[in-house]
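# Close look at the chain arrangement
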Amino acid sequence: FILWAITSLAWSSAVPQGLQNLLILCSLLILIQVSAAAASGYRGFASQLQKLVQLSMVLSSGIYTFSILWFGVESSDIFGARSFALFAVLGVAYYLSCWRYGQKRGFVGAALLTLLIGASLSRLGLGIALVLFPISQFPSRGFSKTGRMFVVLVIVLAISVGSVVYLDALRERF
């Protein structure tokens, strides 16, 4: 992966942006390894990480909600709308994993974050968040719960089409 990133940087005309992307991707891989090592050596790491993810999602969502209420949809006045959307996708994934394993509030958290992502008008962030809903219900053993996944898929598709058709601000982004 890193070899591919370095190679693609060689034929890119945007060297500063390419270096930045390369550093971010390498940092991600290093942080994954460091996190795995920390989690295996410290029992409380997972619960602390869970609390920090929840806190960061609540704080960032609160700030961005304030920004939307004060400055309007697609607000980038406090921090970037697209940046918030991509950050909030991590929260959607976290809350959907909670929902998958029986916590009803996980669905509520994921739905609220997805609404905020939609208010940011980030097409990429909204698309990823919506795709995560049916993926979170994909059965891990056998296909006995496939029906639930298809129900979620149909609902997500209906909401997606309805959002693009009926919301002018979102439709203009496409």
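These remarks concern the structure in this document. (Residues numbered from 1 in each chain as written. Predicted model: local features only at pLDDT ≥ 70, side-chain atom pairs only at ≥ 80, totals over all residues. Heavy atoms only, no water.)

## Overview of the packing of helix 4 (residues 81–100) against helix 5 (residues 104–119)
Orientation of helix 4 relative to helix 5, taken along the N-to-C sense of each, is 160 degrees, at an axis distance of 7 Å. Of the possible angle classes, the one that applies to helix 4 and helix 5 is roughly antiparallel. The chirality of how helix 4 crosses helix 5 is left-handed. Within the contact between the two elements, helix 4 uses Phe84, Ala85, Ala88, Val89, Gly91, Val92, Tyr95, Leu96, Cys98 and Trp99 and helix 5 uses Arg105, Gly106, Phe107, Gly109, Ala110, Leu113, Thr114, Leu116 and Ile117. (Axes fitted to C-alpha atoms, helices over the stretch in contact; angles between N-to-C directions. Helix = DSSP H or I, 4+ residues; strand = E, 2+ residues; numbered from the N terminus. Parallel < 35°, antiparallel > 145°, perpendicular 65-115°, else oblique. Left-handed = near helix turned anticlockwise from the far one by under 90°. Contact = heavy atoms within 4.5 Å.)

## Some remarks on helix 3 (residues 45–71)
The terminal C-alpha atoms of helix 3, which comprises 27 residues, lie 38 Å apart, in line with the 39 Å expected from a rise of 1.5 Å per residue. Those residues of helix 3 that sit buried are Met57, Ser60, Ser61, Tyr64, Ser67 and Ile68. Tucked inside the fold, the buried residues of helix 3 contact helix 4 and helix 5. Positive phi shows up at Gly72, right after helix 3, with a value of about 105 degrees. (Expected span 1.5 Å × (residues − 1). Buried < 20%, exposed > 50% of the residue type's maximum accessible area, 1.4 Å probe, protein only.)

## Some remarks on the side chain of Ser67
Locating Ser67 in the fold gives a position in helix 3. Since its relative accessible area comes to 1%, Ser67 is described here as buried.

## So, the packing of aromatic side chains
The final tally for this structure, using the stated rule, is seven aromatic pairs. One aromatic cluster is present, formed by Tyr64, Phe79 and Phe84 through successive ring pairs. (Phe/Tyr/Trp six-rings, centres within 6.5 Å; stacked < 30°, edge-to-face > 60°.)

## Describing the nonpolar core
In this structure, Val92, Leu96, Ile117 and Phe133 are the most contacted members of the largest nonpolar core, which totals 26 residues. Of all the secondary structure elements, the ones that give two or more residues to this core are helix 3, helix 4, helix 5, helix 6 (123–136) and helix 7 (146–166). Broken down by element, this core gets its largest block of residues, eleven residues, from helix 4. Apart from the residues within four sequence positions on either side, Val92 is in contact with Ala110, Leu113, Thr114, Ile117, Ala129, Leu132 and Phe133. (Core = buried A, V, L, I, M, F, W, Y, C linked by side-chain atoms within 4.5 Å.)

## Some details on a nonpolar patch on the surface
A cluster of nonpolar side chains, contributed by Ile63, Phe66, Trp70, Phe71 and Ile78, occupies part of the molecular surface with about 540 Å² of accessible area. Considering the arrangement of structural elements, one finds Ile78 in the loop between helix 3 and helix 4. (Patch = residues over 30% accessible without salt bridge, like charges linked within 9 Å, V, L, I, M, F, W, Y side chains within 5 Å. Areas by Shrake-Rupley, 256 points an atom, 1.4 Å probe, with all protein chains shown as cover. Salt bridge = Lys/Arg side-chain N within 4 Å of Asp/Glu carboxyl O.)

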